[in-house]
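Architecture at a glance
The primary structure of each chain is shown beneath.
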Amino acid sequence: MTFPRFLLLAAALLFLSSCTHHPDVPASSHEAECLPAIYPDYCNVTVPCNIAPLNFMLPAGDFEECVARFTLPDGRQQTYGDGVKVQIPEAEWHAMLNLSKGKSLRVEVWGKTKGEWLSFNPFEILVAQEPIDEYLTYRLIEPSYAGWSFMEIAQRNLTSFDETQVFNNEIACDDRAKGQCINCHSYQNYKTDNMLFHVRLSNGGTVIVNDGKVSKVDLKRDYTISAGAYPAWHPTAKLVAFAACMTRQAFHTAHPNKIEVFDLASDLILYDVATDSVSIISNDSTLLEVYPTWSPDGKYLYYCKTVPLPEELRDKDIISTYRKVQYNLYRRPFDLATHSFGDEELVYDAASHDKSATLPRVSPDGRYLLFAQGQYGCFHIRHSDGDIACMPLDGQALPSVDLTNLNSEGFAESYPTWSSNGHWIMCSSRRGDGNFTHVYFSYFKDGKAAKAFLLPQEDPESDTFRLKCYNRPEFMIEPVRISIKEFSQVLQ
Amino acid sequence: MEVNPRNKAAAVILNVSLLAFIAFVIYILYINQEVLYTAHDRSEFFIGASYFHTLVSKPFGLMQYAGAWITQLFYYPALGALVLMGLWTLIFLAGTKAFQLQGEASALMLLPVACLLASVVEVGYRIYISPFAGYWFSQSLGYLVMLLCLWAARCTPRRWHLVWYLLAFCAYPVLGWFAMLFVLCLALLGKPTWRELLGIILLIFAAHIWRVLLYSGLNAEDVMLAGWPRFATAHDSGTHLSIPFQVLAAVSVLIPLCSRYLSRWFVPMICAAAGIIFTMSLMFQDRNYIDEMRMVRYAADDDWERVLHVAADTPKPTVTMVMLRNIAMMNEGGLLERSFKLGNNGGEVNTPDSLHVRLLNIASPLVYYNYGMMNEAIRLAYENAIRTGFSPFYLKMLSRCAHASGDVKLEERYNTLLHHHLFYGDWQPAPVSETVQELQHSFPDELTGTENSDSYIVNSISLWYESDSKVASEQALFYAMMRRDSRRFWQSLRKYVRLHPDGKFPLHAQEAYIMFMDKSPEEKRLMLPVEQAVYERYKQFWETLERQARSNQQLDKIGETMREDWGGTYWWYNIFGRKIY
């Protein structure tokens, strides 16, 4: 064979191998009379009209092959399947979504086991008219205890599978003995021209992007108990509310929750980006204030605050009182002209229901308040009873919105967020295996949430092999454009 | 044609030297087979795009990925060793071609092989604490590819060398520091011209250019030293482990310069001897190091008989060995009858530098698992795996912990990861033993800090005296004795006696009982009958001790003097044992 012929053959093989596999539907099969146990579970979910392909697979230990047939509303059909995986090319998938907006895709799945085909009950994928924000940021980190190694803040394009690094903890780490931790990425109004994240330990500080310009600031002042944490950008002004916390963690010797994270002290502070000044919002030394968030109009600051402990527990250390620490949700009006806060208003009295409410987020239309809720404490992602709750902000005193479709049974959910159009709720959850957090989305309309679905991956098995948690997921409507190198330059 | 007797003798010397060196390599790999098994057990490797991209996103990552894949073969140490020797044979052959070494001078290639061999057997206790992504093979692979490139370059006309320099520059993401070594070797092969000068300039700027082009998200040091093994931990530099690579680079540069002067009959002998001496001088040699690895392997397989067998042959065990042996006795019986006879004086591991490796790094998840302390086992498996990689050892431990905790989905996930390993295709966690199940429910939940010290486990278990588990009561009694804690001893003895109403009063418990009756200040004691012979021996022990003390010797000296007669008693441990617990 001549060299040009060899090249031609190799190119042809490469082309063929890159072609999508459209297998035939099995000629005969037995009916399983149940929905397929696909991973991720995309049966009867509602998805945005611009989401990346919902690739899935049947359990490799139980099946040898999988074929899925997608039927569009106009009756056209296409089949996919390669081994036990169904991976749909992005272009074909987006064409299907475009044709199915406001309607649904019908999916039939066949699985081959021990040489025989089983046909499962068909399911539907409802395609919502409303798109999801195009980008998502998360920190990728192992489900760590006290130690960590490599960590990165990554951004993912939700309409495709593209994932790029925003920053990592190695490039600007000069002191390997100290190490470096990066966390708390935050954006103003879902945009990236004004954003920040924290760098702790080696070359520590808060990296702030102000109208596209990067700088590092130290938020610790001699009148604050710590630097800032849990940031919340004001929606219109160059102001960021933070909690200033003395956070600790401890480990259960036998309880399945394994870890407790708690604050020994925490206050709220306001950082003025323009003047580099830090002012105290509240610093009640007897109570803990944390997780600030702004209303979409910027006129209120919502936050969590503990209720006083019973008299007999007040002098005890946190190890003996942590189960009694419960947070309520409050808000204070904010005057943008004077940067002053009004009187505190109780928004949700969680403690009176023997609950603790954390991480509030107001919907973009200002009508709903999402938060995480558990029996005690401020770190529900470590509590198997941690769930997401939602209350209408129409004067009701209870989280009356039914989020059964979003929450899981017996696994922690936390860190709820709204998409910029208010139709998609995102949260992190340990429901996959109880240990690693992943990102889930749920369609929200007219006060109702649809069944949650997992962040799609190109290879549905990749979440199994990626031993990382998706930490602090945040929506963005545009990508972070500043390079890692530019970020690192302000740190060194 | 008649062969010159002198040439014949030189050929014989060459062949004998090569054979001697080969025999030496086989011997060294044979005595280090437990190290090779541990190398696979503590090396991370995952099939799949995610792990591949993680490695390949850094220069030299492809070599590391290939090396990590081949490291799986050390599951059967002989198989992995065979591949390693095959690579070194190819290096020898490719080197003789690349450097155009003929006759006796070809023995010079034994030196790079010796460097690579030394790099494998010098690692020592760092095997437990450094992230060795593909280390065991990637350097040999990189060097082999470098030599093959050099061979190919030398087969092309000199005017084409510029192309090779450019190729070396392009190959930097794959070959890392070996691309630089290639340029240096090629440039030194002949009289320098402007092409060689260009090669050197490329060499100087290659890493920097690649950082700008492709690796702007990486730490500068990681790009500049791509592929160069670094052993620094947060608290230790480990620079001496780089010696084989420094020598490898130096030898590779010197061979093209000196080879023409080294075609002498004695060169093979010198090269073989130098290789042997070099390897032996760098090889980590410590009997406990190997025996500890065997014990960890047997303990991970729940093969307690073999753990005890190794322990019986170990006069001065490390803390890890003592812990594993006591777990073996918990499972096989005889803990309170034989443990102090075998010695509970666990020592620190023997490391040549400031490296601090201990039970935590070597086998802590395994120890905690066997004491039913799943949360600690999981935490420590994670703490270690995050730093050193999710290797089979940690995945197996995490799977076993998930199995014991009833976390089915998590167990499936770890098993899936293991099933993609070449030799763990059918691996399933062993059933949870009754002992582990009993211990799992024998202590209350409480909050603790990051308790990573060796003493934490001893302290925790000595507090189990409130449990109604028979196994837990025996452990609480034993660890109260280990702590020399008379208060906890009386509490745990009471519980032990109540839960073992018909049992024999074990020898070591009798020894501790007599001693604490005699010396400790507690008032609420327990009256139990002891064997007269044991009591008599206690009196003799104390008389001997008082006699020795009158001789004004230091306590350590007295302990050593009394070890032979009394080293197997609890009394000796109580007075002279190291206070590490």
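Residues numbered from 1 in each chain as written. Chains lettered and ligands numbered in written order. Predicted model: local features only at pLDDT ≥ 70, side-chain atom pairs only at ≥ 80, totals over all residues.

1. Comments concerning the overall build of chain A
- Each helix and strand counted, chain A has five helices and 34 strands in total.
- Overall size of chain A, expressed as C-alpha extent along the three principal axes, is 75 × 55 × 45 Å.
- Buried positions account for 47% of the 492 residues belonging to chain A.
- Long-range contacts, defined as pairs at least 24 residues apart, comprise 56% of the intrachain contacts of chain A with a sequence gap of at least 6. (Helix = DSSP H or I, 4+ residues; strand = E, 2+ residues; numbered from the N terminus. Buried ≥ 20, exposed ≤ 12 C-beta atoms within 10 Å, placed from the backbone. Contact = placed C-beta atoms within 7 Å.)

2. Let's talk about the overall build of chain B
- From N to C terminus, chain B includes 31 helices and one strand.
- With the principal axes as the frame, chain B shows a C-alpha extent of 95 × 60 × 40 Å.
- A total of 581 residues make up chain B; the buried ones form 49% of that total.

3. Details of helix α4 (residues 61-71) of chain B
Residues and elements named next belong to chain B.
- The element α4 is largely enclosed, with a buried count of nine among its 11 residues.
- Considered for burial, the residues of α4 that qualify are Gly 61, Leu 62, Met 63, Gln 64, Tyr 65, Gly 67, Ala 68, Ile 70 and Thr 71.
- The inward-facing, buried residues of α4 contact α2 (33-41), α3 (49-56), α5 (77-98), α7 (135-154) and α9 (172-175).

4. Concerning the domain arrangement of chain A
Residues and elements named next belong to chain A.
- Along its sequence, chain A is organised into domain 1 (19-127) and domain 2 (142-150 + 217-473).
- Taken together, the contacts link 17 residues of domain 1 with 11 residues of domain 2.
- Of all the secondary structure elements, the ones that give two or more residues to the side of domain 1 that touches domain 2 are β2 (45-47) and β3 (56-57).
- The element that contributes the greatest number of residues to the side of domain 1 that touches domain 2 is β2, accounting for three residues.
- Looking at the side of domain 1 that touches domain 2 residue by residue, the classes come out as 12 nonpolar, four polar and one charged. (Domains from an automatic or database assignment. Nonpolar A, V, L, I, M, F, W, Y, C, P; charged D, E, K, R; others polar.)

5. Topic: the pairing of strand β26 (residues 356-362) of chain A
Residue and element names in this part refer to chain A.
- Buried residues dominate β26, accounting for seven of its seven residues.
- Where β26 lies against strand β27 (residues 368-374), five bridges are found, and the strand directions are antiparallel. Looking at β27, one finds that Arg 361 is bridged to Leu 370.
- Hairpin connection from β26 to β27: five residues lie between these consecutive antiparallel strands, with Gly 366 at a positive phi of about 75 degrees. (Pairing = 2+ DSSP bridges.)

6. Considering unusual backbone geometry
All names here are of chain A.
- Here Tyr 39 and Pro 40 are connected by a cis peptide whose omega angle stands at -10 degrees.
- Within the secondary structure, Pro 40 is located in the loop between β1 (30-31) and β2.
- The backbone of Asp 211 sits at a positive phi, close to 50 degrees, despite the residue not being glycine.
- With respect to the helices and strands, the residue Asp 211 is situated in the loop between β15 (205-210) and β16 (213-217).
- Overall, the presence of 8 C-beta atoms within 10 Å leaves Asp 211 in the exposed class.

7. With respect to the interface of chain A and chain B
- On the side of chain B, 36 residues touch chain A, which itself brings 39 residues to the contact.
- Residue assignment for the side of chain A that touches chain B shows that the elements contributing at least two residues are β12 (163-168), β18 (239-252), α4 (462-465) and α5 (484-491) of chain A.
- Here the side of chain A that touches chain B is composed, by residue class, of 15 nonpolar, 15 polar and nine charged.
- Sheet topology note: the β18(A)/strand β1 (residues 447-448) of chain B ladder contains two bridges and is antiparallel.

8. Comments concerning the sheet that holds β15(A)
Residue and element names in this part refer to chain A.
- Ordered by their spatial adjacency, four strands build an open sheet running β13-β14-β15-β16, and the pairing between neighbours is antiparallel. Taken across any chain shown, the strands that pair with only one partner, and hence form the sheet edges, are β13 (180-188) and β16. Each strand axis lies, on average, 20 degrees off the axis of its neighbour in the sheet, ignoring direction.
- Bridge count for β15 against β16 is five bridges, and the pairing is antiparallel. What sits directly across from Val 207, in β16, is Lys 216.
- The sheet strands contacting α5 are β14 (191-201), β15 and β16, and the helix crosses β16 at an angle near 35 degrees. (Axes fitted to C-alpha atoms, helices over the stretch in contact; angles between N-to-C directions.)

9. Considerations on the packing of helix α29 (residues 532-550) of chain B against helix α30 (residues 555-566) of chain B
Residue and element names in this part refer to chain B.
- Where α29 meets α30, the closest approach of the two axes is 11 Å, and the angle between their N-to-C directions is 155 degrees. As the angle between them shows, α29 and α30 are arranged roughly antiparallel. Between α29 and α30 the crossing geometry is right-handed. Residues Phe 541, Thr 544, Leu 545, Gln 548 and Ala 549 of α29 form the contact with α30, whose participating residues are Ile 558, Thr 561, Met 562 and Trp 566.
- The residue inventory of the contact of α29 with α30, partitioned by class, reads six nonpolar, three polar and no charged. (Parallel < 35°, antiparallel > 145°, perpendicular 65-115°, else oblique. Left-handed = near helix turned anticlockwise from the far one by under 90°.)

10. Considerations on the nonpolar core
- Counting 323 residues, the largest nonpolar core has A:Phe242, B:Leu110, B:Phe182, B:Val183, B:Ala377, B:Ala381 and B:Cys401 as the members making the most contacts within it.
- No other element matches the 11 residues that α7(B) contributes to this core.
- Residue assignment places this core across two domains, with domain 1 (19-127) and domain 2 (142-150 + 217-473) of chain A each supplying three or more. (Core = buried A, V, L, I, M, F, W, Y, C linked by C-beta atoms within 7 Å.)

11. A closer look at the pairing of strand β28 (residues 387-392) of chain A
All names here are of chain A.
- Most of β28 is tucked away: five of the six residues are buried.
- Bridge count for β27 against β28 is six bridges, and the pairing is antiparallel. Each residue of the ladder has a partner; that of Ala 372, found in β28, is Ile 388.

12. Some remarks on the sheet that holds strand β10 (residues 135-141) of chain A
Residues and elements named next belong to chain A.
- The strand order across the open sheet built from four strands is β12-β11-β10-β34, with neighbouring strands paired in antiparallel fashion. Two strands lie at the open edges of the sheet, namely β12 and β34 (469-476), each paired on one side alone. Between one strand axis and the next, the sheet turns through 25 degrees on average, direction left out of account.
- Here β10 pairs with β34 via six bridges, running antiparallel. Bridge pairing in β34 places Arg 139 opposite Asn 471.

13. Examining the environment of B:Tyr538
Residue and element names in this part refer to chain B.
- Mapped onto the secondary structure, Tyr 538 falls in helix α29.
- For Tyr 538, a count of 21 C-beta atoms within 10 Å puts it in the buried group.
- The spacing of Tyr 538 and Thr 569 is 31 residues in sequence and 9.3 Å in space, taken between C-alpha atoms.
- When neighbours within four sequence positions are excluded, Tyr 538 is seen to be in contact with Glu 511, Ile 514, Met 515 and Trp 571.

14. So, the environment of A:Met195
Residue and element names in this part refer to chain A.
- With respect to the helices, strands and loops of the structure, Met 195 is situated in strand β14.
- Overall, the presence of 24 C-beta atoms within 10 Å leaves Met 195 in the buried class.
- Leaving out residues up to four positions away in the same chain, Met 195 has contacts with His 185, Ser 186, Tyr 187, Gln 188, Val 209 and Val 480.

15. Brief notes about the confidence of the model for chain A
Residue and element names in this part refer to chain A.
- Looking at chain A, the pLDDT average stands at 93 and 96% of residues meet or exceed 70.
- Confidence drops under a pLDDT of 50 for residues 1-10, and excluding neighbours within four residues, the segment shows one contact in the predicted structure.
- Here residues 12-17 is modelled with pLDDT under 50, and outside its nearest four sequence neighbours on either side it reaches zero contacts, counting other chains as well. (pLDDT = per-residue confidence, 0-100.)

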